[in-house]
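Reading the structure
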Amino acid sequence: MNLTLKVWRQKNNKTKGALVDYKLADISPDMSFLEMFDVLNEQLITKGEEPVVFDHDCREGICGMCSMYINGRPHGPKDLVTTCQLHMRSFKDGDTIVVEPWRAAAFPVVKDLTVDRSAFDRVIAAGGFISVNTGNAQDANNLPIPKMQADAAFEAAACIGCGACVATCKNASAMLFVSAKISQLALLPQGQPERYRRVQSMVAQMDAEGFGNCTNTGACEAECPKGISLENIARMNRDFASAKFISEETI
Amino acid sequence: MSGFGNALSSSIGRKYVMGITGIFLILFLIVHAGINSLIFLDDNGLKFNIGAHFMATNWIIRAGEYILFLGLLVHIYQAVNLTIQNRKARPEGYAVYNGSANSKWYSRSMGLLGTLLLIFLVIHLKDFWVVSRFTGIPTVDANGNEDLYAVMKEKFQDPVRVVAYVLLMISLCYHLLHGFASAFQTMGWNHSKYNGMIKRASVWYALIISIVFALMPIAVYTHLID
C-alpha cells in the first residue's frame, strides 16, 4: 500500500505545532497502525530526521497507552479497537491519513502525538480506590450482589483510561472515564463505604483539571474502544445528586 | 463547605440546572401548544380567546409567567456559561473532526439551535406577548373577550413572518429531539426498561409540538381556518 500521512509535529507544549506530510510506500495491509508508524520512524531515523513521538505500550489493546486521532476519530475508523489493534487493511491504497494528538486543555501535548494524561491519574487518586481494612477473610461462598450487578461493574471496569472519550467529545469532557471509574466501585460491595465521598471527590478533581461538560451527544460511548456505556454517566449523576442533596457526608 | 451552591456550580450541578429548567420549559410548551390549538376549532377564535383571557388574568398563571421567564433566563445563562467552559476545555481544535461518525448533528448543535430559538423568541414575544400585556389588543370578539385571534390573523398575513415561524419550528424540533432525552440522562434517569420509551417519547414530543406550532401560521395564512 502507498499512503500519504499528515502527522502532527510539535516540539513541546510551548511551541506551536503543524501537520507535516510523509509519503509511505509498500506498507503491508497486515501491519498494525503503530507498526506502520515504526516503518515511518525507521525511515526518518535513516534520513537523519527526528522520529515521530507517540505513546504505546502493550500493543494488545489493553493498556490504554496508544492515543492517535486518526482521520477525525480517536483510534481510527473501526469500532471497539485501540490504535494498536487497528490494521492497515482498514485503509485503502492511496489514502491520505491525518493523525493528530488528543486535543484537550487537560491533556497538554508533550511532543508530537504524545499528550500528558496525568489528569486522569489525579482523578483516580482523588477517590478511585477502596480503603482496605484488615480482618478475617470473607466467607468464600458469600454472594453479596447479584450476577447482573457484578457484570455491570465488570463492564465499567473494562475502561483502560486511554482518553478517547475526552478526545472525541466536542466539549473535551471526561465524564465517561470518571463515571466508569466511579461505577465500577459503586456497584460492588467493597465500594459502598466510600461511595458518596468518592463521587464528590472525583467529580471535584475532574472539574479542577479543566475538562469540559457533558452534553449527552453520545460520541464518547460510540468511540470508546471498550464500549463503556452512557449508563455509567447517568449513574454518576444519580450518585452525585444523592451525595450532594441527601447524604450528610461532605468532602 | 457550602453544600448546595458548591453542588450547583460543579459540572454535574450545572447539568442538573440545564435539565431541570429544560424539563420545565418542555412542560410549558405542552400547555402553550394545547391552548393555542383551540384555533383549530375554527370558531373564529372564540374558544382560543377564552383560553387567552384565562391565561392573561388568572393569578396563578401570571405568577407562573415570572417563574417561566426565570427558568428561561437560567437555561440561557447556564448554556452560555457551559459553552464558554467547553470552549476553554479544547483551546486548539482538530484539523479533521469527524463528528458525524459518532453523534447526531443536532446533539452537537444545541447552542446554535438555541440561539436561533432565542432570536425567534424575541420576535415572537414582540408579536404577541407585548401586544397582549402592554400595548393592548385593539378589538374584542363576539363574547366580549379581547380578540388575540384577530392579532394572530393580522400578523400571519405576512408571508415572510410565516416562513420564518415555520423554519424556526424546525430548529425547535431538533432542539427538543436532543433536549428531551438528554434531560432524562442528565437527571440520571437511565434505565434499560425505560430508555426505549424515553427515546420514542422524545421523538413524538418534538414532532408533535413543532408540527402543531408550525401549522398555526400556515393554517392562518392559507385560510384553512378563518
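Quick summary incoming for the structure in this document. (Residues numbered from 1 in each chain as written. Chains lettered and ligands numbered in written order. Predicted model: local features only at pLDDT ≥ 70, side-chain atom pairs only at ≥ 80, totals over all residues.)

1. A short note on the overall build of chain A
Assigned secondary structure in chain A consists of eight helices and seven strands. In terms of principal-axis extent, the alpha carbons of chain A reach across some 60 × 40 × 35 Å. Buried residues in chain A amount to 47% of all 251 residues. A sequence separation of at least 24 residues applies to 70% of the contacts in chain A between residues at least 6 apart. (Helix = DSSP H or I, 4+ residues; strand = E, 2+ residues; numbered from the N terminus. Buried ≥ 20, exposed ≤ 12 C-beta atoms within 10 Å, placed from the backbone. Contact = placed C-beta atoms within 7 Å.)

2. Section: the interface of chain B and chain A
By convention, interface size is frequently given as the accessible area that disappears when the constituent parts associate. Contact with chain B, which involves 35 residues of that partner, is made by 42 residues of chain A. If you list the elements that add at least two residues to the side of chain B that touches chain A, you get helix H1 (3-8), helix H2 (11-36), helix H4 (59-89), helix H5 (105-108) and helix H8 (159-186) of chain B. If you tally residues by element for the side of chain B that touches chain A, the top one is H4(B), at five residues. The residue inventory of the side of chain B that touches chain A, partitioned by class, reads 13 nonpolar, 16 polar and six charged. (Nonpolar A, V, L, I, M, F, W, Y, C, P; charged D, E, K, R; others polar.)

3. Some details on the packing of helix H6 (residues 110-135) of chain B against H8(B)
Residue and element names in this part refer to chain B. Running from N to C, H6 and H8 cross one another at 135°; their axes reach a closest spacing of 9 Å. In terms of axis orientation, H6 runs oblique to H8. The interaxial crossing formed by H6 with H8 has left-handed handedness. Across the interface between the two elements, Met110, Leu113, Gly114, Leu116, Leu117 and Phe120 from H6 touch Leu168, Ser171, Leu172, Tyr174, His175 and His178 from H8. (Axes fitted to C-alpha atoms, helices over the stretch in contact; angles between N-to-C directions. Parallel < 35°, antiparallel > 145°, perpendicular 65-115°, else oblique. Left-handed = near helix turned anticlockwise from the far one by under 90°.)

4. Comments concerning the sheet that holds strand E2 (residues 18-24) of chain A
Residues and elements named next belong to chain A. Spatially, the five strands line up as an open sheet ordered E2-E1-E5-E3-E4, and their pairing is mixed. This sheet does not close on itself; its edge strands, each paired only once, are E2 and strand E4 (73-74). Pairing of strand E3 (residues 69-70) with strand E5 (residues 96-100) involves two bridges; the strand directions are antiparallel. Bridge pairing links Ile70 to Val99 in E5. (Pairing = 2+ DSSP bridges.)

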